[in-house]
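Observations on the model geometry
Residue strings, one per chain:
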Number of protein chains: 2
Amino acid sequence: MTKTTPESFELICPIPLADYPRVLMAHGSGGRMMQQLIEKMFYRAFDNPELLSGHDGVTLNMGGIETSKVVFTTDSYVIRPLFFPGGDIGSLAVYGTINDLAMCGAKPRYLSAAFILEEGLDMEILWQVVCSMRRAADLARVKIVTGDTKVVEKGKGDGLYINTAGIGEMHHAVHIHPQNVKLGDKVIVSGDIGRHGMAVMAQREGLSFESDLTSDAAPLNHCVMALLDAGLDIHCLRDITRGGLASVLCEIAQSAAVRIDIDQQQIPVSDEVNSACELLGLNPLHVACEGRFVGFVTPTAVEQALEIIASFNHGDPVYIGEVTAGEAGLVTMKTAIGGQRILDMPSGELLPRIC
Amino acid sequence: MTKTTPESFELICPIPLADYPRVLMAHGSGGRMMQQLIEKMFYRAFDNPELLSGHDGVTLNMGGIETSKVVFTTDSYVIRPLFFPGGDIGSLAVYGTINDLAMCGAKPRYLSAAFILEEGLDMEILWQVVCSMRRAADLARVKIVTGDTKVVEKGKGDGLYINTAGIGEMHHAVHIHPQNVKLGDKVIVSGDIGRHGMAVMAQREGLSFESDLTSDAAPLNHCVMALLDAGLDIHCLRDITRGGLASVLCEIAQSAAVRIDIDQQQIPVSDEVNSACELLGLNPLHVACEGRFVGFVTPTAVEQALEIIASFNHGDPVYIGEVTAGEAGLVTMKTAIGGQRILDMPSGELLPRIC
């Protein structure tokens with residue numbers, strides 16, 4: 001191996017070790033600590049324009065490819081438990097990654113599937129998960145074309161971790177990106193929020209109070225393709241995952257350097273999710289979905305966008321707010337009782353391992 | 001989520017549960033049990049021509065792309081310990097995946113990097129690994145353009161697992177694939193074998209008998225590109241990883257339905273690796289490399305291929321045998337004492353977690 005002298009920037013860990021000498025669960029929770037880890041460590045070390053664009057997936061310029069751009073993304077899945085109402089780690093590993101491609105405006109085409117198996121995992125469970133991946137891939141119309149299998153000793157894993165990477169194609173000449181959000185854009189949400197996170201938490205904690213609580217996990221690509229096929233002027237799409245709606249809005253406000261004002265009363269939350277959140281002391285705005293997205297669209301496109309999304313039966317889409325003149329990076333929320341408060345990214349540990 | 005009725009094939013786990021009710025370490029060791037898991041379970045469930053082509057990476061036909069084909073691959077890295085003589089999990093995660101692309105004849109362009117971190121991991125260690133990935137990516141001339149971070153509870157991981165997926169481009173109109181191996185092809189090996197596996201084992205077991213034993217981990221893409229740029233008639237390339245040279249040859253003999261005859265005396269094994277293997281009761285032919293490959297080339301191309309490989313200083317490349325008429329799938333080896341024996345894939349657990 002060629003020996004390379006470390007560059008000077010490598011000499012000091014960019015995460016303040018006095019504050020964070022070790023990795024904490026919160027570094028994976030989708031909130032501010034994860035954002036800092038990504039930006040200070042990964043962006044700094046890997047430093048390239050594609051990575052720093054900071055979207056769910058990255059659009060690549062492949063040599064010789066003029067008519068079609070390739071979009072690339074990856075996610076690992078460490079959800080506990082492996083099976084939950086409305087899905088399992090296998091379907092999640094397919095939907096999560098194709099949804100990231102869809103949020104870039106790409107049509108998902110191919111997935112990889114890499115398994116880290118814990119010694120002692122029931123072979124039957126693995127088969128169930130693998131079959132679920134196939135069904136999910138069929139539903140999303142993608143193919144799982146390459147993969148990898150590793151086994152770690154009992155006690156060095158948690159049954160099964162899956163990584164999927166995805167390749168999609170841009171079929172439309174659109175630029176769907178947080179940095180493309182504009183003053184006056186309307187903010188829409190594709191359905192009620194928080195069901196995935198609360199369904200997993202209820203299953204994990206053995207809470208039987210809400211037997212109707214099922215995950216919203218679903219492939220969003222067909223819905224997004226319909227929006228693009230209709231030629232609607234869409235500036236940004238983002239699926240609501242770790243950190244919930246609040247994190248998504250804060251990230252986009254920061255990334256686009258805009259202010260976003262939303263109305264709490266418009267945000268759809270089911271009674272089941274509200275009750276479960278109250279019981280566990282959680283804010284539904286911080287709870288992950290796996291089949292919901294936020295869209296930033298021009299005012300003239302709102303009505304048709306809501307109609308198209310509704311036709312895909314992913315929940316009742318609604319208009320929740322808009323991009324306004326004001327402090328860049330700020331997200332404000334008109335509360336149900338008529339006040340106004342600043343919406344912040346969650347910090348600390350919220351709901352570990354819900355995806 | 002749409003409910004789907006399981007297809008009839010899903011009802012019975014294709015791995016005989018009486019024999020293998022649970023996942024064993026050997027299912028990840030690169031030998032026959034891993035091959036069975038992949039073919040019986042993953043090939044059956046995911047079933048598509050791209051996956052079933054059974055190469056290190058898959059060549060994709062993207063719509064509208066005529067002049068350039070996209071190659072896609074993935075690997076997860078669970079090596080223990082994280083640092084070893086000649087590399088670490090970070091450099092390995094870059095080289096391993098770009099080598100898979102190179103073995104398809106593709107020029108590696110982009111990588112994803114997905115981290116599964118164990119709660120409590122030293123932040124400083126993560127930074128060292130991340131910096132190592134950047135140096136490795138620079139050396140291989142690829143960019144890490146997208147990623148993911150998950151954290152699992154202490155005791156549910158082993159410090160750090162990394163998945164990388166890679167995208168490469170075909171720049172040459174070549175078909176480099178196991179199924180392309182032909183009668184009369186010469187078999188070459190790019191350098192001495194087994195150093196990676198034995199360096200990791202020595203480090204893990206605290207064996208200090210061979211302080212000179214360093215991993216062969218290296219990026220092979222520049223060397224492969226030089227072979228292709230020279231216009232040599234290369235039929236198949238395969239990097240020697242889990243399962244060692246024996247596994248690679250057996251897989252290719254099966255995949256191409258040919259017989260391969262090799263000469264043990266030609267296979268380069270360093271004294272350090274031989275001693276370490278003797279001590280641990282291992283066969284060097286079953287030990288992984290991370291910077292060596294096997295090539296199947298036409299007889300007229302052998303000499304120039306060896307010259308080009310030698311110029312990249314990845315070890316001393318040699319001619320070890322040829323593809324002969326005979327039983328499909330058979331690999332025979334002329335032994336040092338003049339006999340002949342059948343070379344088989346390793347079965348059972350060999351060297352767990354060396355990549």
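This is a predicted model, so every value here is computed, not measured.

What the rule picks out here adds up to 5 aromatic pairs over all chains. Judged by centre distance (4.6 Å) and plane angle (15°), the ring pair of Phe-115 of chain A and Phe-42 of chain B falls under stacked. With one member in each of two chains, Phe-115 of chain A in strand β5 (residues 106–118) and Phe-42 of chain B in helix α1 (residues 32–46) form a pair that bridges those chains. Given a relative accessible area of 1%, Phe-115 of chain A falls into the buried group. What makes Phe-42 of chain B buried here is its relative accessible area of 6%.

Right, let's talk about the state of the cysteines for a bit. Within this structure, the stated rule accounts for 0 disulfides over all chains. Cysteine Cys-277 of chain A is unpaired, with the sulfur of Cys-289 of chain A as its nearest cysteine sulfur at 10 Å. Cys-104 of chain B supplies the cysteine sulfur nearest to Cys-236 of chain B, a cysteine that is in no disulfide, at a spacing of 9.4 Å.

In this section: the interface of chain A and chain B. If you look at the interface, chain A gives 103 residues, while chain B gives 103 residues. Taken over both partners, the interface formed by chain A and chain B buries close to 8,900 Å², and the fraction arising from carbon and sulfur atoms is 65%. Counting across the chain A and chain B interface gives 16 salt bridges. For Lys-150 of chain B, the salt bridge goes to Asp-75 of chain A, with nearest N and O atoms at 3.8 Å. Where chain A packs against chain B, one counts 34 residue pairs in polar contact (both at pLDDT 80 or more). Here the residues of the side of chain A that touches chain B are counted per class, giving 53 nonpolar, 26 polar and 24 charged.

Next up on the list: helix α1 (residues 32–46) of chain A. If you check α1 of chain A, its first and last C-alpha atoms are 20 Å apart, about what 15 residues at 1.5 Å a residue would give, namely 21 Å. The largest bend in α1 of chain A comes to about 25°, at Ile-38 of chain A. If you check which residues of α1 of chain A are buried, you get Met-33, Met-34, Gln-35, Leu-37, Met-41, Phe-42, Ala-45 and Phe-46 of chain A. Along its buried surface, α1 of chain A packs onto α2 (49–52) and α7 (244–256) of chain A together with β5 (106–118), α4 (123–140) and β6 (143–152) of chain B. Of the residues trailing α1 of chain A, Asp-47 of chain A is marked for its positive phi of about 20°.

As a further point, take the relation of the copies chain A and chain B. Here the two chain copies are tied together by a rotation about an axis and a shift along that axis. Mapping chain A onto chain B leaves a residual RMSD of 0.0 Å; the transformation is a rotation of 180° accompanied by 0.0 Å of translation along its axis. What we have between these two chains is a two-fold relation. The position closest to the rotation axis in chain A is occupied by the C-alpha of Gly-157 of chain A, lying 2.4 Å away. Both copies present the same face, since 100% of the interface residues in chain A are matched by interface residues at the equivalent positions in chain B.

Counted under the stated rule, the structure contains 38 salt bridges over all chains. Between Lys-156 of chain B and Asp-158 of chain A there is a salt bridge, and its shortest N-O distance comes to 3.6 Å. Taken together, the residues span two chains, with Lys-156 of chain B in the loop between β6 and β7 (160–170) and Asp-158 of chain A in the loop between β6 (143–152) and β7 (160–170). For Asp-158 of chain A, a relative accessible area of 17% translates into the label buried. Residue Glu-169 of chain B is joined to Arg-109 of chain B by a salt bridge in which the shortest nitrogen-to-oxygen separation is 2.8 Å. With a gap of 60 residues between them, Glu-169 of chain B in strand β7 and Arg-109 of chain B in strand β5 connect regions that are remote in the sequence. The exposure class of Glu-169 of chain B is buried, given its relative accessible area of 1%. In this structure, a network of salt bridges that share partners links the residues Arg-80, Asp-158 and Arg-353 of chain A together with Glu-153 and Lys-156 of chain B.

All right, on to the sheet that holds β6 of chain A then. Two strands in a sheet stick together by hydrogen bonds in their backbones, pointing the same way (parallel) or opposite ways (antiparallel). All names here are of chain A. A sheet is described by the order of its strands in space; here 5 strands give the open sequence β1-β2-β7-β5-β6, paired in mixed fashion. The sheet terminates laterally at β1 (58–60) and β6, the two strands that pair on one side only. Neighbouring strand axes in the sheet, compared pairwise and without regard to direction, differ in orientation by 20° on average. Pairing geometry for β1 and strand β2 (residues 69–77), over 3 bridges, is antiparallel. Note on β2: the bridge partner recorded for Val-58 is Phe-72.

With that settled, consider the packing of helix α3 (residues 89–103) of chain A against helix α4 (residues 123–140) of chain A. Residues and elements named next belong to chain A. It is at 7 Å that the axes of α3 and α4 come closest, and there the two elements cross at 35°. α3 and α4 meet at a crossing whose hand is right-handed. Where α3 abuts α4, its residues Ile-89, Gly-90, Ser-91, Ala-93, Val-94, Tyr-95 and Ile-98 lie against Val-129, Ser-132, Met-133, Ala-136, Ala-137, Leu-139 and Ala-140. Residues that form the contact of α3 with α4 fall into these classes: 11 nonpolar, 3 polar and no charged.

Right, let's get into the environment of Ile-308 of chain A. Residue and element names in this part refer to chain A. With respect to the secondary-structure elements, Ile-308 resides in helix α9 (residues 302–311). In this structure, the C-alpha to C-alpha distance between Ile-308 and Leu-227, residues 81 residues apart in sequence, is 6.7 Å. In this structure Ile-308 touches Cys-223, Ala-226, Leu-227, Ala-230 and Leu-232, once residues within four positions along its chain are discounted.

Glancing now at the packing of α4 of chain A against α1 of chain B. Look at α4 of chain A against α1 of chain B: their axes get within 8 Å of each other, and the N-to-C directions meet at 30°. Here α4 of chain A lies roughly parallel to α1 of chain B, going by the angle between them. Counting all contacts with α4 of chain A, which are made through Met-123, Leu-126, Trp-127, Val-130, Met-133 and Arg-134 of chain A, the residues of α1 of chain B involved are Leu-37, Met-41, Phe-42, Arg-44, Ala-45 and Phe-46 of chain B. Residue composition of the contact of α4 of chain A with α1 of chain B, by class: 10 nonpolar, no polar and 2 charged.

What counts, and where the lines are drawn
Residues numbered from 1 in each chain as written. Chains lettered and ligands numbered in written order. Predicted model: local features only at pLDDT ≥ 70, side-chain atom pairs only at ≥ 80, totals over all residues. Heavy atoms only, no water. Phe/Tyr/Trp six-rings, centres within 6.5 Å; stacked < 30°, edge-to-face > 60°. Helix = DSSP H or I, 4+ residues; strand = E, 2+ residues; numbered from the N terminus. Buried < 20%, exposed > 50% of the residue type's maximum accessible area, 1.4 Å probe, protein only. Disulfide = S-S within 2.5 Å. Contact = heavy atoms within 4.5 Å. Buried area = accessible area lost by both parts, 1.4 Å probe. Salt bridge = Lys/Arg side-chain N within 4 Å of Asp/Glu carboxyl O. Polar contact = N/O pair within 3.5 Å; in protein donor to acceptor, adjacent residues only side chain to side chain. Nonpolar A, V, L, I, M, F, W, Y, C, P; charged D, E, K, R; others polar. Expected span 1.5 Å × (residues − 1). Bend = angle between axes of the 7 residues up to and from the residue. Least-squares fit on C-alpha atoms with pLDDT ≥ 70 in both. Pairing = 2+ DSSP bridges. Axes fitted to C-alpha atoms, helices over the stretch in contact; angles between N-to-C directions. Left-handed = near helix turned anticlockwise from the far one by under 90°. Parallel < 35°, antiparallel > 145°, perpendicular 65-115°, else oblique.

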